[in-house]
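Residue-level listing of the chains:
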Amino acid sequence: EPADARHAARGGRPRMSARLVVADDDAGVRALLGAALAAYTVLPAARGDEALALIRRERPDLAVLDVQMPGLDGLAVARALAADPATAAIPVVLCSGAGPAVAAAAGRAGGVVAFLPKPFELRELLGTVARALGAPPPPGPWSGRPEWVA
């Protein structure tokens, strides 16, 4: 089912006011991702269990999750979301520097629409998020020059 249909089925808001849960245990990375994704409403989380509770409560349009986090890792959060009919339609983007084995596991996790290996360029993140939401990437200072997230 396309992202647009899932978005509309959840009573989604206009694309640029889409709500994203962004979870990473590194405060600096969370701040950078929040700034890069400022065209959206960003709901931050520092732990996997915190992200899962936030997603279940807020029903965002998309979740961007680091794989390696305390509490629950991003893969466990994605699996929990996919197993719950109330959250199964929420697309998940996983990010990790852990390597190919994690990327392969991410590809098998329900609800995961993309995997970004760290480090990645912020424009790659913006394009991935926009595709997952079924919209063009928002304009911003990262659209032309490379910026790395480690």
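Residues numbered from 1 in each chain as written. Predicted model: local features only at pLDDT ≥ 70, side-chain atom pairs only at ≥ 80, totals over all residues. Heavy atoms only, no water.

**Overview of the pairing of strand E3 (residues 62-66)**
Every regular strand shows the same layout, with side chains that alternate between the two sheet faces.
Working step 1: The element E3 is extensively covered by neighbouring structure, given that 5 of its 5 residues are classed as buried.
Working step 2: Pairing between strand E1 (residues 19-23) and E3: 4 bridges, direction parallel. From the neighbouring strand, Val21 faces E3, where its bridge partner is Ala63.
Working step 3: In this sheet, strand E4 (residues 92-96) lies alongside E3 in parallel orientation, the contact comprising 4 bridges. (Buried < 20%, exposed > 50% of the residue type's maximum accessible area, 1.4 Å probe, protein only. Helix = DSSP H or I, 4+ residues; strand = E, 2+ residues; numbered from the N terminus. Pairing = 2+ DSSP bridges.)

**Re the sheet that holds strand E2 (residues 41-45)**
Working step 1: Across the sheet, 5 strands lie side by side as E2-E1-E3-E4-E5; this open sheet has parallel pairing. Two strands bound the open sheet, and with one partner strand each, they are E2 and strand E5 (112-117). Ignoring strand direction, the axes of neighbouring strands in this sheet form an average angle of 20°.
Working step 2: Pairing analysis gives 5 bridges linking E4 to E5, with the strands arranged parallel. Bridge pairing in E5 links Leu94 to Phe115. (Axes fitted to C-alpha atoms, helices over the stretch in contact; angles between N-to-C directions.)

**Remarks on the nonpolar core**
Working step 1: Ranked by size, the top nonpolar core spans 22 residues in total, and within it Leu20, Leu37, Tyr40, Leu62, Val64, Leu125 and Val129 carry the most contacts.
Working step 2: Elements with a minimum of two residues in this core: E1, helix H2 (27-36), E3, E4, E5 and helix H6 (122-133).
Working step 3: Top element by residues in this core is H6. It accounts for 7 residues.
Working step 4: Those residues in contact with Leu20, other than ones at most four positions away along the chain, are Leu37, Tyr40, Thr41, Val42, Leu43, Pro60, Leu62, Val129 and Leu133.
Working step 5: Of all hydrophobic cores here, the second largest spans 21 residues; its members include Ile55, Val67, Met69 and Val92. (Core = buried A, V, L, I, M, F, W, Y, C linked by side-chain atoms within 4.5 Å. Contact = heavy atoms within 4.5 Å.)

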